[in-house]
Amino acid sequence: MFGRRNRASAAPRTRLLFVSDLHGSETTFAKLLRVLELWSPDVLVVGGDVAGKGLWPVIVDNGRRRFSWMGEEHEASADAYAAVRRSALQVGYYPLELPAGELERVQADPEARDAAFDALMRERWADWLARLDARCAELGVHAFVMAGNDDPWSLDDLTSAEREWVRGADGKVLPLLEDGSWTLLTCGLANQTPWQCPRDVTEDELAAALDALAAGVPDFGTTIANIHVPPRGFGLDLAAELDTSVDPPRPVFGSQAPVGSSAVAAFLRARQPAVSLHGHIHESGGAAAIGRTRAFNPGSEYGEGILRGVLVTLRGRDVLGHQFVSG
Amino acid sequence: MTTGATSPDVSTSQPASLAVFTRRSSGLVRSFSLFDAVIYGILAAGTLFQLLYAFPGPQVSLPGLSLPLAYLLAALFSPAVFAVYAALGSAMPRSGGDYLYQSRFLHPALGFGFGFAWEVFLWVTFTTTGALLVTQLGLGPLLFNLSYRLDSPGLLNASNWFLGDTGFLVTALTVTLIGFVICLSGLSFYGKLQKRVLLPIVLLSNGLLIILLARSHASFLAHFDAFAAQDPKTLKTAAEIQAAAQKGGFVNPAFSLRNTILYLSIAFGTCYVMFAAQGLLGETKQASNYTRLFRAFLIGGVYVGVVSFIVPTYLFEHATGREFANAFAWLSANGDAGAAGGGSIATLAMMMTSSPVVIILTSLGFILVGVYFATCVFLNMTRVMCAMGMDRTLPEWFAKVSARFHVPANAALFYAGLAVAFNVLYVLVPSVQTPMLLGGVLTSTGMVGVTGLCGILFVVRGGDVYRSSPVFGKKVLGIPVPAFAGAIALIWAGGVTIANLVVPDLGFTSWAARILVLASLALSIVWFYAYRAWLRARRGIDIDLAFKSVPPE
């Protein structure tokens, strides 16, 4: 009515859903499978930190279960235990259900304990990937997954295994859409944290990894940078300052500080991808503009079983809009 | 790394530990404790603050009321309110409070409408209220009493200046500026401030007020008359006040249960101990623990209800004697009671001592609470606006976190502008003063009523969110706790809100007041639908997605 539409406005819209930091939470992952239908994304990007953090010992004793929950020890029937187990899965725990003697043996041997932990993490991640692939196939959604700095390296062979709909994207530059009009650059590394996580690296190493990936990008104007750690100093990386004199580090009351990566900030300033997607700092969800780059961190509330994400709408070469969502 | 208790039932030489083994991973983050939230709530619920409303206004507009009985009734109902907010807060331990609950369980448009109109917009009047607290209960009485204790006419002039329009406006703008600056300094700075400075002084002030008022009627009259004797030309003795009132037609009213209940429209604000839910739960440890959250609200509620209001108002009525208090109030409203300095509870209490130090310490609490009130509104409403911006019911601009200040600075700037405009309006247009002064209190109560309804809907429509919440399975008389407590909160707070809009004695039934409350709500709802349509057409954003419950796979 007021003039001809340009080519971009006539182009179809693509809706990208980005979620991150599920940390093994079964409830949150189940919600992710559900929103692939409810929120109707065309593309899904899972931004790392998929593994849970806690191994939850449960003594199996003649149909009864003994366990500790919310600071108190319980003995319960299998049925009563099932309800608590659901809560444990919601917060991302891995139940280690063994008879008392066997549990003692595993706990007494750090290698056996770590192996049991690793096996359970792999088991859940493999299960998640299979369920996600099936769901994406059902709905026709292309998905990209990666590890975050918290995730052990042992998950990588599962992540990068060949699947039809879910692709391992870590350390790669891949076409985001089938027509090749958008590119996804992915990096799950992070700058050093006080916890010394598996994929923590120095800022120099992170900068070098990002530069190496940048060499494979055809056009940053239509590139989405999926980098687990947020850039330092743009409001997406504020966390409680930590007292590192104790192990594990403890938050210092009333003191916040930016903890993102200066290498990522420099990379985004210099390369100016259209969009950058981040996780890592759960409590610092938000959006920021870094020159022409629109940076997003949806935050995470996996412990409460709440899925948080951001929907980014693309049209032609444009980023039309974004919307934070939670469920 | 494994720590914790071992199972006593496993009889082995080295029993298996039931403690969770946590691998090395980055983690956790919430830095506010429930104790911090309690302090925040105690201050937000108005330790000392409500005494601004308690005397001398209600004794004239609601003759025969009993202040301590009204506050006792409010205290009796408050556990239901705390239960609703603890249930919803522990199920969704995020910032946003009423807006979050109402938009998710009632309706997105209503949640935004009530949240923006009745909280964000009308609570800006609390900056005005905060300034009134500073001038009428803090600086005015302080300078008035000191002027006689130190024999300084200059201090009396200063007292009168602060109680006038110019002094009030300067105070209001200063209070607004302080709130804005503290807001920019961040919640963590505020956390230190409230624990180390604000709470100790307020508690001291509250304690001194009780000590000053804890006396017999004869002692009160003797001190009152001794104070008046310092300036017989200006100040009246107690007998002169009562004589002047009777000459003017004053008749001491009998006790009125009706008017005591109507005063609940004010006294209800003491429930706002759960105010922390608006802005802090997203940053509070153990906020997902229903029992502890409820207990935290309850501890704060008992303190505020008993120590801040029931005891001081009881002592005040006992010391002054109801007849003298009513005569003083009547004369204040109809002429000159002969007591400047605001003629408030604070003024009368400070007359009971000749110590400048006690006077200063008592008033300091009122001044700090007034400044705090503005700050609290800034801290909370900027986070509510930020939540709205994240949902895209407000433009993204409101949700932008400043890289320099690490807070939603745009929202704070917007709020500072709104506060300045409201405070100028308050001084320039006298007819809006009563609606503004009562608007924030009324809508606070209204929001509790609407959130009470959400407590019921949480059980009915909450689905998996309810079933996975810590309050699931908890019942009272066979009724789920959120529904039971929600029904009480709805009936009580809803009743008080409706009473405010229809009972003329409460001073909120002018068209200006009704338009302020109802038109702002209607306009906010219209905004929601218009902005939603625009976003969908122009930005490919469907904001309805932000409000839909997501069941697991």
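Cut-off values and rules
Residues numbered from 1 in each chain as written. Chains lettered and ligands numbered in written order. Predicted model: local features only at pLDDT ≥ 70, side-chain atom pairs only at ≥ 80, totals over all residues. Heavy atoms only, no water. Helix = DSSP H or I, 4+ residues; strand = E, 2+ residues; numbered from the N terminus. Expected span 1.5 Å × (residues − 1). Bend = angle between axes of the 7 residues up to and from the residue. Polar contact = N/O pair within 3.5 Å; in protein donor to acceptor, adjacent residues only side chain to side chain. Axes fitted to C-alpha atoms, helices over the stretch in contact; angles between N-to-C directions. Parallel < 35°, antiparallel > 145°, perpendicular 65-115°, else oblique. Left-handed = near helix turned anticlockwise from the far one by under 90°. Contact = heavy atoms within 4.5 Å. Nonpolar A, V, L, I, M, F, W, Y, C, P; charged D, E, K, R; others polar. Pairing = 2+ DSSP bridges.

Colleague: So what about helix α16 (residues 290–320) of chain B? Which residues, and what values?
Modeller: Residues and elements named next belong to chain B. The end-to-end C-alpha distance of α16, which contains 31 residues, comes to 43 Å, matching closely the 45 Å that a straight helix rising 1.5 Å per residue would cover. Of all bends in α16, the biggest is about 30°, found at Ile310, and the proline Pro312 comes one to four residues later. Between a side-chain oxygen at the N-terminus of α16 and the backbone nitrogen of Thr291 the separation is 3.2 Å; the capping residue is Asn289. With its phi angle positive at about 80°, Gly321 sits one or two positions after the end of α16.

Colleague: Which residues make up the packing of helix α5 (residues 97–105) of chain B against helix α6 (residues 108–121) of chain B, and what are the values?
Modeller: Residues and elements named next belong to chain B. Packing of α5 against α6 brings their axes to within 6 Å, and their N-to-C directions diverge by 155°. By the angle class used here, α5 and α6 are roughly antiparallel. Handedness of the α5/α6 crossing: right-handed. Every residue of α6 that contacts α5 at Asp98, Tyr99, Gln102 and Ser103 is listed here: Pro108, Leu110, Gly111, Phe112, Phe114 and Glu119. Looking at the contact of α5 with α6 residue by residue, the classes come out as five nonpolar, three polar and two charged.

Colleague: Describe the packing of helix α1 (residues 34–44) of chain B against helix α19 (residues 356–391) of chain B, and please don't skip the residues or the numbers.
Modeller: All names here are of chain B. One way to put it is that α1 packs onto α19 with a least axis distance of 10 Å and a crossing angle of 120°. The pairing of α1 with α19 is recorded here as oblique in orientation. At the point where α1 passes α19, the crossing takes the left-handed sense. On α19, the residues that touch Tyr40, Leu43 and Ala44 of α1 are Tyr372, Phe373, Cys376, Leu379 and Asn380.

Colleague: If you had to explain the sheet that holds strand β17 (residues 286–290) of chain A to someone new, which residues and values would you point to?
Modeller: Residue and element names in this part refer to chain A. The six strands lie next to each other as β9-β10-β13-β16-β18-β17, forming an open sheet whose pairing is mixed. This sheet does not close on itself; its edge strands, each paired only once, are β9 (173–175) and β17. Each strand of the sheet is rotated relative to its neighbour by a mean of 20°, with strand direction disregarded. Sheet topology note: the strand β16 (residues 275–277)/strand β18 (residues 293–297) ladder contains three bridges and is parallel. Looking across to β18, one finds that Val275 is bridged to Arg294. Taken strand by strand, helix α7 (residues 203–214) contacts β9, β10 (183–187) and β13 (223–227), and its axis lies near 160° from that of β10. The strands that helix α8 (residues 262–271) touches are β10, β13, β16, β17 and β18; relative to β13, the one it contacts most, it runs at about 180°.

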